[in-house]
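The lines below spell out each chain.
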Amino acid sequence: MPKPTFLEIARRAGVGTATVERVLNGRGGVRPETVEKVVAAARSLDYPRRLPEAHRGVIRIEVILVRPDATFFARLSRAFERIAATLDRSIAVHRTFLDEANPAAIAKRILEPDLRRAALILAVPDHPLVSAALRKLEAENIPTVQIVTQISGTKSTYVGIDNYAAGRMAGLLMARMQRQPGKVVAICHSQIYRVHRDRVRGFFEYLIEEARDFEPVAALFGYDDGDRNAEQLYEALKRWPDLAGLYNAGGANTALNEVLRRHARGRDIFFVGHELTERSTRALREGTMDVVLDQAPEAQARRAIDLVLAWLNLHDLPVDNPPIRFITFTAENL
């Protein structure tokens with residue numbers, strides 16, 4: 001086959017032919033991220049010439065996550081680790097965990113990585129500092145994927161479930177499966193995650209529109225902390241004697257299940273939560289939890305990596321990006 005031309009490489013990399021010439025001839029003056037794109041395009045077209053030694057390094061994809069102690073994020077991290085093990089040795093996936101309560105540090109990492117990266121995948125809280133930093137990165141055309149949740153005011157690709165639909169599904173199941181109507185509360189981390197805001201909004205709107213026998217009375221903030229979640233639920237049970245339903249749009253299901261297990265009215269509360277784990281599986285079997293909506297973090301990680309590899313011209317197959325399908329679990333289909 002004929003050797004690919006600079007024009008073909010430029011088209012695939014989304015740059016000009018002059019940039020391709022500078023990279024492949026080692027003339028310098030080109031941003032590292034652009035170098036990575038040109039080299040990836042040249043490799044994908046089987047460019048026969050030996051690439052300059054300085055540009056034959058590893059293509060690095062950084063994944064920024066939070067809360068390594070949380071079951072969901074630990075599961076997501078393991079998914080990226082397993083996927084990374086299947087990639088070519090020239091591609092490295094670096095996982096970075098940051099404090100969700102420090103948006104300034106997250107914004108700084110977005111703009112000032114300590115490694116030369118070709119692309120960024122992130123699942124972090126929604127904050128103006130983070131949004132501003134991400135918009136700057138987007139303006140530089142660095143391949144960026146937001147996974148699990150989205151940052152307001154940004155346009156980079158989102159990979160995840162339809163969280164508003166998940167909230168409405170929680171409302172539908174509660175309205176159809178809870179035989180005793182009454183008041184309903186939702187609990188989530190706080191307002192710093194759009195994913196939780198969308199879920200709670202979908203849940204309440206479904207009940208208001210379609211289930212008049214159920215009255216949404218409060219959205220409670222537990223910060224995905226077990227003690228705070230438990231305290232919020234105890235107060236709700238005390239305040240509303242006719243409480244019929246609980247929707248946890250965030251984490252720390254275990255503490256909520258413990259409250260329901262011990263409380264005299266606990267078994268009367270219809271409880272819908274997220275993420276299938278060993279503990280939520282046990283709660284479903286014991287009956288303190290009624291439905292679990294699992295958002296398949298493994299599928300989200302795989303989709304995010306595939307999108308990045310396509311943008312870096314490391315494979316030619318198009319990658320569709322419809323919402324990830326969430327899976328509904330009850331005690332009957334574990």
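My aim in this report is to walk through the structure given alongside it, one point at a time. (Residues numbered from 1 in each chain as written. Predicted model: local features only at pLDDT ≥ 70, side-chain atom pairs only at ≥ 80, totals over all residues. Heavy atoms only, no water.)

Some thoughts on the sheet that holds strand E3 (residues 119-122)
Here five strands make up an open sheet; going across it, the order is E2-E1-E3-E4-E5 and the pairing parallel. Since the sheet does not close on itself, it has two edges, and those belong to strand E2 (91-98) and strand E5 (157-159), each with one partner. The sheet shows a mean angle of 20° between the axes of neighbouring strands, taken without regard to direction. Two strands pair when backbone bridges link them, and strand E4 (residues 144-147) and E5 are joined in this way by three bridges, in the parallel orientation. Residue pairing across strands places Val-145 opposite Thr-157, the latter belonging to E5. (Pairing = 2+ DSSP bridges. Helix = DSSP H or I, 4+ residues; strand = E, 2+ residues; numbered from the N terminus. Axes fitted to C-alpha atoms, helices over the stretch in contact; angles between N-to-C directions.)

Observations regarding unusual backbone geometry
With phi around 60°, Asn-141 is a residue other than glycine that occupies positive phi space. Among the secondary structure elements, Asn-141 is positioned in the loop between helix H6 (128-139) and E4. With a phi angle near 60°, Ala-252 is a residue other than glycine that sits in the positive phi range. On the secondary structure map, Ala-252 appears in the loop between strand E8 (243-248) and helix H10 (253-262).

A few points about the sheet that holds strand E7 (residues 214-221)
Strand order across the open sheet formed by six strands is E7-E6-E8-E9-E10-E11, with mixed pairing between neighbours. This sheet does not close on itself; its edge strands, each paired only once, are E7 and strand E11 (327-329). Ignoring strand direction, the axes of neighbouring strands in this sheet form an average angle of 15°. In terms of strand pairing, strand E10 (residues 291-294) meets E11 through three bridges, oriented antiparallel. Each residue of the ladder has a partner; that of Asp-294, found in E11, is Ile-327.

A look at the packing of aromatic side chains
Under the criterion given, the structure shown has three aromatic pairs. With 5.4 Å between their ring centres and 75° between their planes, Phe-72 and Phe-73 make a pair best called edge-to-face. A centroid spacing of 5.6 Å and a plane angle of 40° characterise the contact between Phe-203 and Phe-204, whose relative ring orientation is tilted. The buried category is assigned to Phe-203, whose relative accessible area is 0%. By relative accessible area, Phe-204 is classed as buried at 16%. (Phe/Tyr/Trp six-rings, centres within 6.5 Å; stacked < 30°, edge-to-face > 60°. Buried < 20%, exposed > 50% of the residue type's maximum accessible area, 1.4 Å probe, protein only.)

Side note on helix H1 (residues 6-13)
Within H1, the full set of buried residues consists of Ile-9, Ala-10 and Ala-13. Each buried residue of H1 sits inside an arc of 100° when the element is viewed along its axis, so together they form one side. (Arc of directions from axis to C-beta.)

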